[in-house]
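# Survey of secondary and tertiary structure
Now for the letters of each chain:
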Amino acid sequence: MSPIARRAPAGRAGRLRLRRSLATATRGADLLERKLRLLSDREHRARQAAREAERVWRERLADAETWLVRGVLLGGESALSASAPADRARVDVRWAVLMGVRHPAAVDWTDPVRTPAEPTAPNTALAHAETAYRAAVRAAAELAVHQTAADLLAAETGRTRQRVRALRRHWIPRLRDELAALELALEESEHEEAVRRRWAATRAGG
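Residues numbered from 1 in each chain as written. Predicted model: local features only at pLDDT ≥ 70, side-chain atom pairs only at ≥ 80, totals over all residues. Heavy atoms only, no water.

### Here we look at the overall build of the protein
Cut-off, in case you're wondering: For helices the rule is a DSSP run of H or I covering at least 4 residues; for strands it is a run of E covering at least 2, with both sets numbered from the N terminus onward. This radius of gyration counts C-alpha atoms alone. The globule rule is 2.2 Å times how many residues there are, raised to the power 0.38.
Looking only at helices and strands, the protein has 3 helices and 2 strands in total. Counting from the amino terminus, helix and strand elements in the protein follow one another as α-α-β-β-α. Its C-alpha atoms give the protein a radius of gyration of 34 Å, clearly above 17 Å, the size a compact globule of 206 residues would have. Taken along the three principal axes of its C-alpha coordinates, the protein extends 125 × 25 × 20 Å.

Structure below.
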């Protein structure tokens, strides 16, 4: 017997309580299914964006490594370390909330700034490598955002699916069975009461 049924009083009051509980559970399942659809759709889009971001990241990383090898062959490793800017890139993640799930939605990227006093890349290949690596890191940040969003949304999707399953397969059928049993008991009780009244009226008339 469910907790609601144990708390519900007998008779018509119990029937009213069970009807309200059943309506609440059904409405809750409907709302959770709507949430589930929204979460699943957003997760699917995040997965697609992550796959595309990974493709872009791999391409740009390969391009950057190619230019780096060329640049080091032309100028040596000392040229590489000397041409690196002292400033660092900045990545700011913007967050969003969907159906109570907070997840990263986008990334803002700020390139490092080279001061006029700092040396530039000594050859064209290292200059191309610097540009390519910036693009690769930017793509990696995009990938991280989409992948993290997909994982967070997937976790909440799984929890929501379990709650819907519990309501649809267990809680709502149990409430319906309890309500049907109580209504049958009330019907039998009302029938017995009607028979007693007719019997009492017949005796009084006799």
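Read on, since the account is not over.
### Some details on the layout of surface pockets
Applicable threshold: Every definition here rests on a 1 Å grid over the protein atoms only: cavities are sets of points where a 1.4 Å probe fits but cannot get out, pockets are open sets enclosed by protein on both sides within 12 Å along at least five of seven lines, and lining residues have some atom within 4 Å of a point. Grid points are joined across faces, edges and corners, and a volume is the space filled by probe spheres set on the points. Gly falls in the polar group here, along with every residue not listed as nonpolar (Ala, Val, Leu, Ile, Met, Phe, Trp, Tyr, Cys, Pro) or charged (Asp, Glu, Lys, Arg).
Taken as a whole, the largest pocket holds about 300 Å³ of empty space. Surrounding the largest pocket, 16 residues form its lining, Pro85, Ala129, Glu130, Tyr133 and Arg134 being those nearest its centre. Listing elements by their share of the lining of the largest pocket, those giving two or more residues are helix 2 (11–82) and helix 3 (124–205). Top element by residues in the lining of the largest pocket is helix 3. It accounts for 6 residues. Taken together, the residues of the lining of the largest pocket break down into 12 nonpolar, 1 polar and 3 charged.

### Description of the pairing of strand 2 (residues 101–110)
Test applied: Two strands are counted as paired when DSSP detects at least two bridges linking them.
Two elements, strand 1 (residues 90–98) and strand 2, share 9 bridges in a ladder whose sense is antiparallel. From the neighbouring strand, Arg90 faces strand 2, where its bridge partner is Thr110. Counting the residues in the hairpin turn of strand 1 and strand 2 gives 2 residues, including Met99, whose phi is positive at 50 degrees.

### Remarks on the environment of His146
Quick reminder of the rule: Whether two residues are in contact is decided by their heavy atoms: any pair within 4.5 Å suffices.
Structurally, the position occupied by His146 is in helix 3. Between the C-alpha atoms of His146 and Tyr133, which are 13 residues apart in sequence, the distance is 20 Å. Once residues within four sequence positions are removed from consideration, His146 is found in contact with Ala46, Ala49, Ala50 and Ala53.

### A few points about the confidence of the model for the protein
How we decide: The quantity known as pLDDT measures the predictor's confidence residue by residue, on a range of 0 to 100.
Residues at a pLDDT of 70 or more form 91% of the protein, whose mean pLDDT is 88. Every residue in residues 1–6 scores below 50 in pLDDT, and together they form 12 contacts with partners more than four places removed in sequence or on other chains.

### Concerning the packing of aromatic side chains
To keep it simple, the criterion reads: Only rings of Phe, Tyr and Trp enter the pairing, Trp through its six-membered ring, and a pair is recorded when the two centres are within 6.5 Å. The plane angle decides the type: under 30 degrees is stacked, over 60 is edge-to-face, the rest tilted. We call a charge positioned above a ring when the Lys NZ or Arg CZ atom is no farther than 6 Å from the ring centre and deviates by at most 35 degrees from the ring normal.
For the coordinates displayed, the defined rule picks out 0 aromatic pairs. For Arg70, the ring lying beneath its charged end belongs to Trp67, and the centroid distance is 4.8 Å. The ring of Trp95 carries the charged tip of Arg102 above its face, separated from the ring centre by 4.3 Å.

### Re the nonpolar core
Here is the rule: For this analysis, a nonpolar core means a set of buried residues of the types Ala, Val, Leu, Ile, Met, Phe, Trp, Tyr and Cys, connected via side-chain atoms within 4.5 Å. Each residue is placed in one exposure class: buried if its accessible area under a 1.4 Å probe, protein chains only, is under 20% of its type's maximum, exposed if it is over 50%, and partly exposed if it falls in between.
If you look at the biggest cluster of nonpolar residues, it comprises 12 residues: Leu18, Leu22, Ala25, Ala29, Leu32, Val164, Leu167, Ile172, Leu175, Leu179, Leu182 and Leu186. Mapped by element, the contributors of at least two residues to this core are helix 2 and helix 3. Per element, the largest residue contribution to this core is 7 residues, and it comes from helix 3. In contact with Ala29, not counting residues within four places along its chain, are Val164, Leu167, Arg168 and Ile172.

### Topic: a nonpolar patch on the surface
Going by this rule: A patch is a set of surface residues, each over 30% in relative accessible area and not in a salt bridge, joined within 9 Å for like charges and within 5 Å for the nonpolar side chains Val, Leu, Ile, Met, Phe, Trp and Tyr. The Shrake-Rupley method, run with a 1.4 Å probe, gives the accessible areas here. Residue values count only the displayed protein chains as cover. Each salt bridge in this description consists of a side-chain nitrogen of Lys or Arg and a carboxyl oxygen of Asp or Glu lying within 4 Å of one another.
Where nonpolar side chains cluster on the molecular surface, the patch consists of Val91, Val93, Trp95 and Leu152 and spans about 320 Å² of accessible area. Examining the composition of the nonpolar patch, we find that 3 residues originate from one element, strand 1, more than from any other.

### Quick notes on the pattern of salt bridges
Applying the stated criterion to the full structure yields 16 salt bridges. Residues Arg45 and Asp41 are paired through a salt bridge, measuring 3.3 Å at the closest nitrogen-oxygen approach. Placement of the pair is Arg45 and Asp41 together in helix 2, with a separation of 4 residues, close to one helical turn. Owing to a relative accessible area of 40%, Asp41 belongs among the partly exposed residues under this scheme. Ionic pairing is found between Glu43 and Arg47, a salt bridge with its closest N-O pair at 3.6 Å. In this pair, Glu43 and Arg47 are both assigned in helix 2, 4 residues apart and thus about one turn of the helix distant. Using a relative accessible area of 17% as the deciding quantity, one classes Glu43 as buried. Among the residues examined, Arg47 registers a relative accessible area of 25% and is labelled partly exposed.

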